[in-house]
Amino acid sequence: MSKIAVRGGHNFACPGASAIIDETTEDRKIKDVVIKYLKLAGEDTLDVTPSNCGENEDLNYGTNAANNAKADLFIPIHFNKAYDSYNGKIGSEVWLNPNNATSVAVGNRIVNKLEALGFKNRGLKDGINGEHLHDIKASNMPSILVEVCFVEATEDVSLYKKLGADVIGKSIAEGIVGHTIGNAIVSTPIKFRKLIKIIKQTPLIDAGGANIRTFKVGDEVTAVDEDKNWWILPAGSISKVNCQEVIKTSTTKPITAANTSKTAQYGVVTASALFVRSGHTLTSTKLGTLDKGTKVRIDNKVDNFYSIYYGICGGFVSADYITLL
Ligand SMILES: [Zn+2]
């Protein structure tokens, strides 16, 4: 799993290009879709889009946030403009450090994906020697700045509108990760929660048969149902034979239909940084932390832990640091 920082270019106090469509408005739509599909692909994703501020703060915010988070990749999303108006197509390009192999590989995949959608492929542009782009030079990690298309080019904009942000953002996300990403999250009713450990490299497959992500040996995930040879995770299926059950909790007995429609229970975090763990013990793997004041949705109480909605597979937090709402 990589940590990928994504930002929309510019901000509404310091806006980007504008012609038939507005760059700042559209890059935020694409940014949100890219993040949605990266998360669906199981990537650790970070939105480093600033709110309204001046140009220098705007640029520094994104690269500082990506650097501080020690992201593996930084993906700023922009739209281009070269003329006041343009009748025809101009196309897509990415700006990057041409001497960085990861940037070149990811950049090529992104422009090839956009080309497959019908945008003219303008290829890779040198953001270090050609133009000194802040996002490429000030980031500690490979940074690939995507110029989706040109806001004044009639054919670029009509293709952009015809396809819509979801299709385009998904293609960019697939270019970033290098594989296709399943479309739909299967909304599986929670019958139980069982912590399972992957014992052989195993794909997670969605209802349409697409490979959402691949788990490594030792990864721990929470199954919420089972179907013959499959454990069901909230985002799809996983092969049962490649997993073993790690913890049998008191929640393993099927929850009755009446219980599944119970009113949602929420709590708020009272610790300054509360660990979310993969199981209901203090030695269970840490999945992440929640800041004080974060509202969580609680599924169940297991021993002195709450099982909460977290990521695609849920997690457990110590009940000592949650105040029920
Ligand atoms: Zn821009």
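Residues numbered from 1 in each chain as written. Predicted model: local features only at pLDDT ≥ 70, side-chain atom pairs only at ≥ 80, totals over all residues.

**Notes on the packing of helix α1 (residues 23–40) against helix α5 (residues 154–177)**
Here is step 1: Where α1 meets α5, the closest approach of the two axes is 8 Å, and the angle between their N-to-C directions is 50 degrees. Considering their axes alone, α1 and α5 lie oblique with respect to each other. Note on packing geometry: the crossing formed by α1 with α5 is right-handed. Counted together, Lys 29, Ile 30, Val 33, Val 34, Tyr 37 and Leu 38 of α1 and Ala 165, Asp 166, Ile 168, Gly 169, Lys 170, Ile 172, Ala 173, Ile 176 and Val 177 of α5 form the full contact between these two elements.
Here is step 2: Within the contact of α1 with α5, the residues separate by chemical class into 11 nonpolar, 1 polar and 3 charged. (Axes fitted to C-alpha atoms, helices over the stretch in contact; angles between N-to-C directions. Helix = DSSP H or I, 4+ residues; strand = E, 2+ residues; numbered from the N terminus. Parallel < 35°, antiparallel > 145°, perpendicular 65-115°, else oblique. Left-handed = near helix turned anticlockwise from the far one by under 90°. Contact = placed C-beta atoms within 7 Å. Nonpolar A, V, L, I, M, F, W, Y, C, P; charged D, E, K, R; others polar.)

**Digging into the confidence of the model for the protein**
Here is step 1: Here the protein averages 86 in pLDDT, while 89% of its residues score no lower than 70.
Here is step 2: Counting contacts from residues 248–262, a segment whose pLDDT is below 50, to residues more than four positions away or on other chains yields 21 contacts. (pLDDT = per-residue confidence, 0-100.)

**Examining the sheet that holds strand β5 (residues 121–126)**
Adjacent strands of a sheet form backbone hydrogen bonds with each other and so pair up, either parallel or antiparallel.
Here is step 1: Overall, mixed pairing links the 6 strands, which are arranged β2-β1-β3-β6-β4-β5 in an open sheet. If you trace the sheet from one side to the other, it starts and ends with β2 (44–47) and β5, each paired once. Taken over all neighbouring pairs, the strand axes of this sheet differ in orientation by 20 degrees on average, direction set aside.
Here is step 2: Pairing of strand β4 (residues 92–96) with strand β6 (residues 145–150) involves 3 bridges; the strand directions are antiparallel. Bridging across to β6, Val 94 finds its partner in Val 146.
Here is step 3: Taken strand by strand, helix α3 (residues 101–116) contacts β3 (73–80), β4, β5 and β6, and its axis lies near 170 degrees from that of β4.
Here is step 4: Contacting β1 (3–8), β3 and β6, α5 runs over the sheet at an angle of about 160 degrees to β6. (Pairing = 2+ DSSP bridges.)

**Points about the environment of Val 269**
Here is step 1: Here Val 269 shows up in strand β15 (residues 265–269).
Here is step 2: Once you skip the residues sitting within four places of it in the chain, Val 269 turns out to touch Leu 274, Leu 290, Asp 291, Lys 292, Gly 293, Thr 294, Val 296, Tyr 321 and Ile 322.

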